[in-house]
Amino acid sequence: MISQKMVALVKGSSVIRAMFEEGKKMAAEYGAENVYDFSLGNPNVPAPDAVREAIIDIVKNEPPLKLHGYMSNAGFEDVRATVAGSLNERFGTSFNENNIIMTVGAASGLNVTFKTLLNPGDEVITFAPYFGEYKNYVINYDGVLVEISPDTDTFRPNLKEFEEKITAKTKCVIVNSPNNPTGVVYSEATIKEMAGILESKQKEYGTSIYIVSDEPYRELVYGDIEVPYITKYYRNTIVGYSYSKSLSLPGERIGYLVIPSGVDDYSDVFAAACVATRILGYVNAPSLMQRVIKECINEKTDISYYDRNRITLYEGLIKAGFTCRKPEGAFYLFMKTPTGDDKEFVAAAKKYNILVVPGSSFGCPGYVRIAYCVAYETIVNSLPEFAKLAGDYGL
Ligand code: PLP
């Protein structure tokens, strides 16, 4: 008999993953080119050539005992120093290797952070719509996820409700910008206002409230949109980063945490996060991938590829009669469903071999998420099917 906690987690297990499996089945049945699978955020831009070249070079030339051995839980010192240097250059920060812990992607960074910070019953605030796995990551450490209801006009954080829902038990606030699933980027003004609220609440309750900035999409922004680096606006900020999307390496599981020296109880937090990395079973981030990151620190994905998908999809959906906002970042579009029943809409879309994820999986019913990190042809070929779907609703 599995644990009661797991019974609940399996029951609520990711709808996105289930749809991904269904997409694979449908592709086998109808042919991959006839299935429009927008369910998973799996990048369709290959990793830069430099990544493959670095892997080959490192495997050929690094002494194997050094490359494949255990290391400090935080990761290789020179890799962490390189990451810190890159952040300092780009964002004017002053980090060093003692502020960086290499992680097994963003998922492990978040789990390590919550393991480090949460006591049972501590509250973690998230703004709906939000990445559904947050709920599980918080439950893992017996925390309580507190949702701030969505502002569906703008999909910017509802700061009035945020202020009202901060309590003496609030330990963390998750910020995810560029956002999954809306593609919204939070402005500097929003971050400043949020920081102001948190400063005064920390004073009021005499507590430490940490922003956990989950930013796997930081580099995926379009036009001249800027993504503020939150440690510069709010001292108690921990950043979780991942190369899953920015270098198209989701299967390789590599990212890092930034724990600035100025956060409350820095020494304890950093030391505890290193122990959490080990005892959660990650032990340390994959050695080969750490070395690759050092070599490829300045590599970038092809944003123009996602941008073309974004524009084509957005314009096609608007032309078909649907309602949605043009995403500013990440590679997701969050679309309003015609009747407000997202689950019914997901089922209706499936009749046209279109797979999208219900907004209720992100704490925001009435919408669907369309992941446009797919082949351009998938978007182009899906649009006539979306138009037929719109027709069914009289749009
Ligand atoms: N956070 C958000 C907002 C995500 O969208 C994802 C993955 O899609 C993750 C975290 C997990 O990313 P990783 O593959 O780096 O663990």
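Source: prediction; values computed, not measured.

Section: the state of the cysteines
Evaluated as defined, the whole model comprises zero disulfides. Of the cysteine sulfurs around Cys274, a residue in no disulfide, the closest is that of Cys172, at 17 Å.

Quick notes on the nonpolar core
Of all hydrophobic cores here, the largest spans 66 residues; its most connected members are Phe162 and Phe386. Residue contributions to this core reach at least three from each of two domains, namely domain 1 (4-47 + 302-392) and domain 2 (49-295). For Phe162, the contacting residues outside a window of four places in its chain are Ile125, Phe127, Ile148, Val173, Met194, Ile197 and Leu198.

Focus on helix 9 (residues 188-205)
For helix 9, with 18 residues, the first-to-last C-alpha span of 26 Å sits near the 26 Å given by 1.5 Å per residue. Turning to helix 9, its buried residues number three or more, namely Thr190, Ile191, Met194, Ala195, Ile197, Leu198, Lys201 and Gln202. Projected onto a plane normal to the axis of helix 9, the buried residues spread over an arc of 165° and lie on a single side. Away from the buried face of helix 9 by more than 90 degrees, exposed residues Ala189, Lys203 and Glu204 are located. Where helix 9 is buried, its residues touch strand 3 (123-127), helix 8 (159-165), strand 5 (170-175) and strand 6 (210-214). With its phi angle positive at about 65°, Gly206 sits one or two positions after the end of helix 9.

Observations regarding the pattern of salt bridges
Within the structure shown, the criterion is met by 16 salt bridges. For Lys24, the salt bridge goes to Glu21, with nearest N and O atoms at 3.5 Å. Of this pair, Lys24 and Glu21 both sit in helix 2 (residues 15-30), three residues apart, which is roughly one turn of the helix. On the accessibility criterion, Lys24 (48% relative accessible area) is partly exposed. On the accessibility criterion, Glu21 (42% relative accessible area) is partly exposed. Among the salt bridges present, the one from Glu204 reaches Lys201, with a minimum N-O distance of 3.5 Å. With Glu204 and Lys201 both in helix 9 and three residues apart, this pair spans about one turn of that helix. Given a relative accessible area of 53%, Glu204 falls into the exposed group. Under the relative-accessibility criterion, Lys201 is labelled buried at 10%.

Overview of the site of the ligand
Residues in contact with the ligand amount to 14 residues; listed here are only the nearest, Ala106, Asp214, Tyr217, Ser242 and Arg253. Separating a nitrogen atom of the ligand from a side-chain N or O atom of Asp214 is a distance of 2.6 Å. One of the side-chain N or O atoms of Arg253 is found 2.7 Å from an oxygen atom in the ligand. Of all the secondary-structure elements, those providing two or more residues to the shell around the ligand are helix 6 (105-117) and helix 10 (243-246).

Quick look at the domain arrangement of the protein chain
A common way to state how big an interface is: give the accessible area lost once the parts meet. Domain boundaries assigned for the protein chain yield domain 1 (4-47 + 302-392) and domain 2 (49-295). Facing the 29 residues of domain 1 at the interface are 39 residues of domain 2. Around 2600 Å² of area is buried between domain 1 and domain 2 when both sides are counted, 59% of it from carbon and sulfur atoms. Of all residues in domain 1, Ala47, Arg325 and Glu328 bury the most surface against domain 2, accounting for 25% of the area lost on that side. Summed over the shared surface of domain 1 and domain 2, the number is two salt bridges. A salt bridge links Asp142 to Lys5; the shortest N-O distance between them is 3.0 Å.

Quick look at unusual backbone geometry
Of note, the bond from Ala128 into Pro129 is cis; its omega dihedral lies within 30 degrees of zero at -5°. Put simply, Ser177 and Pro178 share a cis peptide bond, and its omega is -5°. Positionally, Pro178 belongs in the loop between strand 5 and helix 9. Positive phi, close to 60°, is recorded for Arg253, a residue that is not glycine. Within the secondary structure layout, Arg253 lies in the loop between helix 10 and strand 8 (255-258).

As for the sheet that holds strand 7 (residues 237-242)
Taken in spatial order, the seven strands make up an open sheet running 2-8-7-6-5-3-4, and their pairing is mixed. The sheet is open, and its two edges are formed by strand 2 (100-103) and strand 4 (144-148), each paired on a single side. The mean inter-strand angle of the sheet, taken between neighbouring strand axes irrespective of direction, is 20°. Where strand 6 meets strand 7, four bridges bridge the pair, whose relative direction is parallel. Bridge pairing links Ser213 to Val239 in strand 7.

The rules behind each value
Residues numbered from 1 in each chain as written. Predicted model: local features only at pLDDT ≥ 70, side-chain atom pairs only at ≥ 80, totals over all residues. Heavy atoms only, no water. Disulfide = S-S within 2.5 Å. Core = buried A, V, L, I, M, F, W, Y, C linked by side-chain atoms within 4.5 Å. Buried < 20%, exposed > 50% of the residue type's maximum accessible area, 1.4 Å probe, protein only. Domains from an automatic or database assignment. Contact = heavy atoms within 4.5 Å. Helix = DSSP H or I, 4+ residues; strand = E, 2+ residues; numbered from the N terminus. Expected span 1.5 Å × (residues − 1). Arc of directions from axis to C-beta. Salt bridge = Lys/Arg side-chain N within 4 Å of Asp/Glu carboxyl O. Near = heavy atom within 4 Å. Polar contact = N/O pair within 3.5 Å; in protein donor to acceptor, adjacent residues only side chain to side chain. Buried area = accessible area lost by both parts, 1.4 Å probe. Pairing = 2+ DSSP bridges. Axes fitted to C-alpha atoms, helices over the stretch in contact; angles between N-to-C directions.

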